[in-house]
Amino acid sequence: MPDWQDSNDFGGSDLQDHSERKLIKQAQGGSSEAFGELYLRYAQRVFRYLAVHLENDQDAEDLTEEVFVKAWQALPSYRERGFPFSAFLFRVAHNTMIDYFRSAPPTTTLEGQEISSGAQPGEILVGHLESQQLRQVLRQLSTDYRQVLVLRFINDLSPRETAQVMGRSTGAVRVLQHRALAVLRVLLSKSDFNE
Amino acid sequence: MKLSRRNHHSIDNPPSFMEEVRWLQAQKENLQLRPDNLPASQQRLMNRLRSEQARQVQLSNRRKWWPLGFASGPALAGRLVLLALILFSLAQFSFKLARSSRFALPGEGLYPVKIALEQAQLAVTFSPTQDARLYMKIAENRSTEIEALVMEERYEYLQATAIRLEKSVYQAYHLLPAVARQSPDEALVLMYKLDDVLATQKIILEVLIFYVPQQYQAGVEHALLVSERND
């Protein structure tokens, strides 16, 4: 069995470490500082999840903040009990994204892509083109296939966490992942993206 | 050949998709939040959360003062039912309290409730006749209390109760001229009734005073004086 098929040795871990539990508890008690710490831990992953589905990075940045505001509002009702915080957060992210698509139809533009102070314009452009290629490939997949690939291999969630986000069994996620990778192989072989 | 290939690629024994997985993982590089954006967005988020918290505190403070505030539909209906239940329970409790206090004697916990209810009844009467009748009823109550206090050997409250009796008898008599101006017949009936109440009280007190210890007899004597005033 390839290593990425295993439940925990690829991608995220199901175990919520002690410091994270402490931060969650403090945030549930109303500490915005503790929640700010959780933001630093998860913002990048939430951004990646959104950026793959959205048309540009600026929208994904704005929506990332929105996801955390919604997660903060829903935090009092969050109970760990086998449901990791990452799964809770990605579920909030998914719902926020659905709301976003309902209210604002997506557009494809390079506008709004601010140039980072540390990066060269050339690097930004290459990065943008590559992320656009990724979006182009993933857009050809069904929603479930796209979601399972993004959660597993771009967001590094374990199969169990992915199953919790998608509201499916771990077995169903494995099947879905296998089929999605098979379709991806076909798509990549047709294009020259992976050359 | 086809079949064996299919079996080989079943879910139990999946083909290796390492290339596709590596390709996906490599895409992470192109999906990065701008590093300089992270601390700024964290600060912005925390400011938003703080203002959200302040808004929640304001809302909950308003809700404390306005029980039906900001509710609508089923929530409003629920709160109205709750409010009705609270009012019903309060009414039931007040009714039971009033009933229990009817037989309270001086020195008992419910006695102040009994006195307050009498005062409340006086506050909602609007004619001298009603007032006079009520004062007579109150005088009867005080008289009954004096008898009960003697029977229960709680002599220490006799004096205070006799003073209350005197006040209510005085008030009832004081109102009789006003009643007479409105209805002389009604005034006459009330006067006879009051005399009757006091005469009965006098007979009872004259018997009871023999059972009261010497040091407490002043209270009964006070009540007797009030009863004899109409002689």
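Scroll up a little and you will see the structure.
All values derive from a computational prediction rather than experimental measurement.

### Some details on the overall build of chain B
Phase 1: The helix and strand inventory of chain B stands at nine helices and zero strands.
Phase 2: N-terminal to C-terminal, the α/β element order of chain B is α-α-α-α-α-α-α-α-α.
Phase 3: Out of the 231 residues belonging to chain B, those deemed buried represent 34%.
Phase 4: Put simply, 56% of the contacts in chain B that link residues at least 6 apart link residues at least 24 apart.
Phase 5: When the accessible surface of chain B is split by element, carbon and sulfur atoms take 60% of a total near 14800 Å².

### Looking at the packing of helix H6 (residues 143-154) of chain A against helix H2 (residues 18-26) of chain B
Phase 1: The N-to-C vectors of H6(A) and H2(B) enclose an angle of 75 degrees; their axes lie 9 Å apart at closest approach. In this view, H6(A) runs roughly perpendicular relative to H2(B), as classed from their interaxial angle. Counted together, A:Leu149, A:Phe153 and A:Ile154 of H6(A) and B:Val21, B:Leu24 and B:Gln25 of H2(B) form the full contact between these two elements.
Phase 2: Class assignment for the residues of the contact of H6(A) with H2(B) results in five nonpolar, one polar and no charged.

### Some details on the packing of helix H6 (residues 128-151) of chain B against helix H7 (residues 158-182) of chain B
All names here are of chain B.
Phase 1: Between H6 and H7, the shortest axis-to-axis distance is 8 Å and the interhelical angle comes to 160 degrees. Put simply, H6 runs roughly antiparallel to H7. For the pair H6 and H7, the crossing hand works out as left-handed.

### Structural notes on the environment of A:Arg21
All names here are of chain A.
Phase 1: Mapping Arg21 onto the fold places it in helix H1 (residues 18-28).
Phase 2: By relative accessible area, Arg21 is classed as partly exposed at 39%.
Phase 3: Residues Arg21 and Glu80, spaced 59 residues apart in sequence, show a C-alpha to C-alpha distance of 8.8 Å.

### A word on a positive patch on the surface
Phase 1: A surface patch of like charges, here positive, comprises B:Lys96, B:Arg99, B:Arg102, B:Lys137 and B:Lys193.
Phase 2: Position of B:Lys137 relative to the elements: it lies in helix H6.

### What to know about helix H5 (residues 111-123) of chain B
Residues and elements named next belong to chain B.
Phase 1: Taking 1.5 Å as the rise per residue, H5 with 13 residues should run 18 Å; its terminal C-alpha atoms sit 19 Å apart, in good agreement.
Phase 2: For H5, the complete set of buried residues consists of Tyr111, Lys114, Ile115, Glu118 and Leu122. Buried residues along H5 cover an arc of 95 degrees about the axis, so they all sit on one side. Facing away from the buried surface of H5 by more than 90 degrees, the exposed residues are Pro112 and Ala123.

### With respect to the pattern of salt bridges
Side-chain pairing between opposite charges can occur once the charged atoms of the two side chains come close.
Phase 1: Scanning all chains against the criterion turns up 18 salt bridges over all chains.
Phase 2: For B:Arg44, the salt bridge goes to A:Glu65, with nearest N and O atoms at 2.9 Å. Placement of B:Arg44 in helix H3 (residues 37-65) and of A:Glu65 in helix H3 (residues 57-74) is noted, with the two residues assigned to different chains.
Phase 3: On the accessibility criterion, B:Arg44 (41% relative accessible area) is partly exposed.
Phase 4: In this structure, B:Glu108 engages B:Arg154 in a salt bridge whose closest nitrogen and oxygen atoms are separated by 3.0 Å. Of the two residues, B:Glu108 sits in the loop between helix H4 (73-101) and H5 while B:Arg154 sits in the loop between H6 and H7, which places them 46 residues apart along the sequence.
Phase 5: Among the ionic contacts, a cluster of salt bridges with common partners joins A:Glu65, A:Glu66, B:Arg44 and B:Arg48.

### What to know about the nonpolar core
Phase 1: Counting 65 residues, the largest nonpolar core has A:Phe35, A:Leu50, A:Phe68, A:Phe85, A:Leu149 and B:Leu24 as its most contacted members.
Phase 2: Looking at which element gives the most residues to this core, the answer is helix H2 (residues 32-53) of chain A, with 12 residues.
Phase 3: Setting aside its immediate chain neighbours within four residues, A:Phe68 contacts A:Phe35, A:Leu38, A:Tyr39, A:Tyr42, A:Ala43, A:Val46, A:Leu89 and B:Leu45.
Phase 4: In terms of nonpolar packing, the next biggest core, distinct from the first, is built from 31 residues, B:Tyr135, B:Leu165, B:Val179 and B:Val226 among them.

Calculation notes
- Residues numbered from 1 in each chain as written.
- Chains lettered and ligands numbered in written order.
- Predicted model: local features only at pLDDT ≥ 70, side-chain atom pairs only at ≥ 80, totals over all residues.
- Heavy atoms only, no water.
- Helix = DSSP H or I, 4+ residues; strand = E, 2+ residues; numbered from the N terminus.
- Buried < 20%, exposed > 50% of the residue type's maximum accessible area, 1.4 Å probe, protein only.
- Contact = heavy atoms within 4.5 Å.
- Areas by Shrake-Rupley, 256 points an atom, 1.4 Å probe, with all protein chains shown as cover.
- Axes fitted to C-alpha atoms, helices over the stretch in contact; angles between N-to-C directions.
- Parallel < 35°, antiparallel > 145°, perpendicular 65-115°, else oblique.
- Nonpolar A, V, L, I, M, F, W, Y, C, P; charged D, E, K, R; others polar.
- Left-handed = near helix turned anticlockwise from the far one by under 90°.
- Patch = residues over 30% accessible without salt bridge, like charges linked within 9 Å, V, L, I, M, F, W, Y side chains within 5 Å.
- Salt bridge = Lys/Arg side-chain N within 4 Å of Asp/Glu carboxyl O.
- Lys, Arg positive; Asp, Glu negative; His and termini not counted.
- Charge placed at Lys NZ, Arg CZ, Asp CG, Glu CD.
- Expected span 1.5 Å × (residues − 1).
- Arc of directions from axis to C-beta.
- Core = buried A, V, L, I, M, F, W, Y, C linked by side-chain atoms within 4.5 Å.

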